[in-house]
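Residue-level listing of the chains:
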Amino acid sequence: TGQSLTEKVKQLREDLVEENASMIIITALDEVAYLYNLRGSDIEYNPVFFSYASVTQNEAFIFINESQLTSAATETEWKSLDIQP
């Protein structure tokens, strides 16, 4: 969609307010890849990677094998977000 991670998280947080929710857990691999603007190769013929994510009004976490990230990925705008094993 051409949106940055910051824009997507902002929109997601607005949706949380509308739904009166405090957190969302994202387990669909394609949705995590979309949210973080990342692509992977953990599953043959699919541009996704094994991960999940959670977003609250104040925090955003991605749970991923950090050793699989390239230096370019860790230098993107989402480097300030928490990466969890």
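Quick look at the structure, then. Just so we're clear, the structure is a prediction, and the values are computed from it rather than from any experiment. (Residues numbered from 1 in each chain as written. Predicted model: local features only at pLDDT ≥ 70, side-chain atom pairs only at ≥ 80, totals over all residues. Heavy atoms only, no water.)

## Things to note about the nonpolar core
Working step 1: With 16 residues, the main nonpolar core has Ile26, Val32, Leu35, Tyr36, Phe49, Val55 and Ile62 as its most contacted residues.
Working step 2: Listing elements by their share of this core, those giving two or more residues are α1 (5-18), α2 (29-36), β2 (51-56) and β3 (60-64).
Working step 3: No other element matches α2, which puts 4 residues into this core.
Working step 4: Aside from chain neighbours lying at most four places away, what touches valine 32 is Ile26, Phe49, Ser51, Tyr52, Ala53 and Ile62. (Core = buried A, V, L, I, M, F, W, Y, C linked by side-chain atoms within 4.5 Å. Buried < 20%, exposed > 50% of the residue type's maximum accessible area, 1.4 Å probe, protein only. Helix = DSSP H or I, 4+ residues; strand = E, 2+ residues; numbered from the N terminus. Contact = heavy atoms within 4.5 Å.)

## Notes on a negative patch on the surface
Working step 1: There is a patch of like negative charges on the surface, built from Glu14, Asp15, Glu18 and Glu19.
Working step 2: Turning to its location among the elements, glutamate 18 is positioned in helix α1. (Patch = residues over 30% accessible without salt bridge, like charges linked within 9 Å, V, L, I, M, F, W, Y side chains within 5 Å. Areas by Shrake-Rupley, 256 points an atom, 1.4 Å probe, with all protein chains shown as cover. Salt bridge = Lys/Arg side-chain N within 4 Å of Asp/Glu carboxyl O. Lys, Arg positive; Asp, Glu negative; His and termini not counted. Charge placed at Lys NZ, Arg CZ, Asp CG, Glu CD.)

## Details of α1
Working step 1: Compared with an ideal rise of 1.5 Å per residue, which puts 14 residues at 20 Å, α1 spans 20 Å between its outermost C-alpha atoms and is within 8% of the ideal.
Working step 2: Within the sequence span of α1, burial applies to Leu5, Lys8, Val9, Leu12 and Leu16. Seen along its axis, α1 keeps its buried residues to an arc of 95°; they face one direction. Facing away from the buried side of α1 by more than 90 degrees, the exposed set consists of Thr6, Lys10, Val17 and Glu18.
Working step 3: Close packing links the buried residues of α1 with β1 (23-26), α2 and β2.
Working step 4: Phi turns positive one or two residues past the end of α1, at asparagine 20, with a value near 55°. (Expected span 1.5 Å × (residues − 1). Arc of directions from axis to C-beta.)

## Considerations on the packing of aromatic side chains
Working step 1: Summed over all chains, the structure comprises 2 aromatic pairs.
Working step 2: Site record: aromatic cluster; members linked through ring pairs are Tyr52, Phe61 and Phe63. (Phe/Tyr/Trp six-rings, centres within 6.5 Å; stacked < 30°, edge-to-face > 60°.)

## Quick notes on the side chain of serine 54
Working step 1: With respect to the helices, strands and loops of the structure, serine 54 is situated in strand β2.
Working step 2: Once residues lying within four places of it in the same chain are set aside, the contact partners of serine 54 are Ile24, Ile25, Glu59, Ala60, Phe61 and Phe63.

## Regarding the environment of serine 54
Working step 1: You can call serine 54 buried: its relative accessible area is 5%.
Working step 2: Residues serine 54 and isoleucine 25, spaced 29 residues apart in sequence, show a C-alpha to C-alpha distance of 4.4 Å.

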